[in-house]
Amino acid sequence: EERQRLEEERLAGEDRLAEKEAAAEEERQRLEEDRLAEEAKIAEEEAAAETERQRLEEERLAEEARLAEEEALADAERQRLEEERLAEEAKLAEEEVAAEAERQRLEEERLAEETRLAEEEAAADAKRQRLKEERLAEEARLAEEEALADAERQRLEKERLAEEVRLAEEEAAAEAERQRLEEDRLSE
């Protein structure tokens, strides 16, 4: 009876272990199925994320290309505007130079007129007379320099005229030589 009882207890224990193992196996299968389902879900999400990344990358590249094109157009426009600005500045500089030359010319005319008036006023005052004499001396120096410059200009003009006469004579001689050769050719 004791052996039978122990045998029954052993069998009952083995049954309990078998049930526990079966339950554990079912739990393992359930967990494995959950893991596989989770992995499939994660793979699907990763594929969707990769697709989204590719889409965003394509959008980014397209945006960068658009921005690069816009920057190139903007650079071209900046260069065009810079060239226009430089051309305008050059034109204004030329106009300012011409205006400055005109101002200097008018200033010289005004100074000449003031000098003439000062000469007329100098006759009534001794101090003005002294200043007038100094001014006249300065004018004499300038006149002498201008006379020397005029003489130089005249000399150069004479040389130019002489050169023109020489060239004209040489051209006339060359023309006469051409006519002679032409007459010789025609007679021949």
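This text gives an overview of the structure that appears in the document. Since this is a predicted model, take the numbers as computed values, not measurements.

**Overview of the overall build of the chain**
At step 1: Across its full length, the chain holds two helices and zero strands.
At step 2: For 188 residues, the compact-globule formula gives about 16 Å, and the C-alpha radius of gyration of the chain, at 57 Å, lies well above that figure.
At step 3: Each of the three principal axes of the chain carries a C-alpha extent, and together these read 165 × 90 × 25 Å.
At step 4: Per-residue burial over the chain gives 3% buried out of 188 residues.
At step 5: In the structure as shown, the chain presents an accessible area of about 16400 Å², 55% of it carried by carbon and sulfur atoms.
At step 6: Side chains of the chain give 35 positive and 73 negative charges; the mean places of these two sets differ by 4 Å.

**As for helix α1 (residues 2-122)**
At step 1: Among the residues making up α1, those that are buried are G13, T115 and A122.
At step 2: In the core, the buried residues of α1 are packed alongside α2 (126-187).

**Describing the pattern of salt bridges**
At step 1: Throughout the structure, instances matching the rule amount to 46 salt bridges.
At step 2: In this structure, R53 engages E50 in a salt bridge whose closest nitrogen and oxygen atoms are separated by 2.5 Å. A residue pair is termed a helical-turn pair when its members lie 3 or 4 positions apart in one helix, as R53 and E50 do in helix α1 at three residues.
At step 3: A relative accessible area of 34% means that E50 is categorised as partly exposed.
At step 4: Where E82 meets R85, a salt bridge forms, and the shortest distance between an N and an O atom there is 2.3 Å. Of this pair, E82 and R85 both sit in helix α1, separated by three residues, roughly a single helical turn.

**Quick word on the packing of α1 against α2**
At step 1: At their nearest, the axes of α1 and α2 sit 9 Å apart, and the two run at 140 degrees to each other. Judged by the inter-axis angle, α1 sits oblique to α2. The handedness of the crossing between α1 and α2 is left-handed. In this structure, α1 uses T115, E119, E121 and A122 to contact α2, whose residues at the interface are R128, Q129, K132, R135, L136 and E139.

**Section: the side chain of T115**
At step 1: Summarising the element assignment, T115 is placed in helix α1.
At step 2: Among the residues examined, T115 registers a relative accessible area of 19% and is labelled buried.
At step 3: Apart from the residues within four sequence positions on either side, T115 is in contact with R135 and E139.

**Considerations on the side chain of R135**
At step 1: Summarising the element assignment, R135 is placed in helix α2.
At step 2: Other than its neighbours up to four places away in sequence, R135 contacts T115 and E119.

**Points about α2**
At step 1: Here α2 spans 87 Å end to end across 62 residues, near enough to the 92 Å set by a 1.5 Å rise per residue.
At step 2: Sitting at the head of α2, D125 places a side-chain oxygen 2.9 Å from the backbone nitrogen of K127.

**What to know about a negative patch on the surface**
At step 1: There is a patch of like negative charges on the surface, built from E38, E44, E45 and E46.
At step 2: Within the secondary structure layout, E38 lies in helix α1.

Here is what the cut-offs are and how they apply
- Residues numbered from 1 in each chain as written.
- Predicted model: local features only at pLDDT ≥ 70, side-chain atom pairs only at ≥ 80, totals over all residues.
- Heavy atoms only, no water.
- Helix = DSSP H or I, 4+ residues; strand = E, 2+ residues; numbered from the N terminus.
- Rg over C-alpha atoms; globule rule 2.2 N^0.38 Å.
- Buried < 20%, exposed > 50% of the residue type's maximum accessible area, 1.4 Å probe, protein only.
- Areas by Shrake-Rupley, 256 points an atom, 1.4 Å probe, with all protein chains shown as cover.
- Lys, Arg positive; Asp, Glu negative; His and termini not counted.
- Charge placed at Lys NZ, Arg CZ, Asp CG, Glu CD.
- Contact = heavy atoms within 4.5 Å.
- Salt bridge = Lys/Arg side-chain N within 4 Å of Asp/Glu carboxyl O.
- Axes fitted to C-alpha atoms, helices over the stretch in contact; angles between N-to-C directions.
- Parallel < 35°, antiparallel > 145°, perpendicular 65-115°, else oblique.
- Left-handed = near helix turned anticlockwise from the far one by under 90°.
- Expected span 1.5 Å × (residues − 1).
- Polar contact = N/O pair within 3.5 Å; in protein donor to acceptor, adjacent residues only side chain to side chain.
- Patch = residues over 30% accessible without salt bridge, like charges linked within 9 Å, V, L, I, M, F, W, Y side chains within 5 Å.

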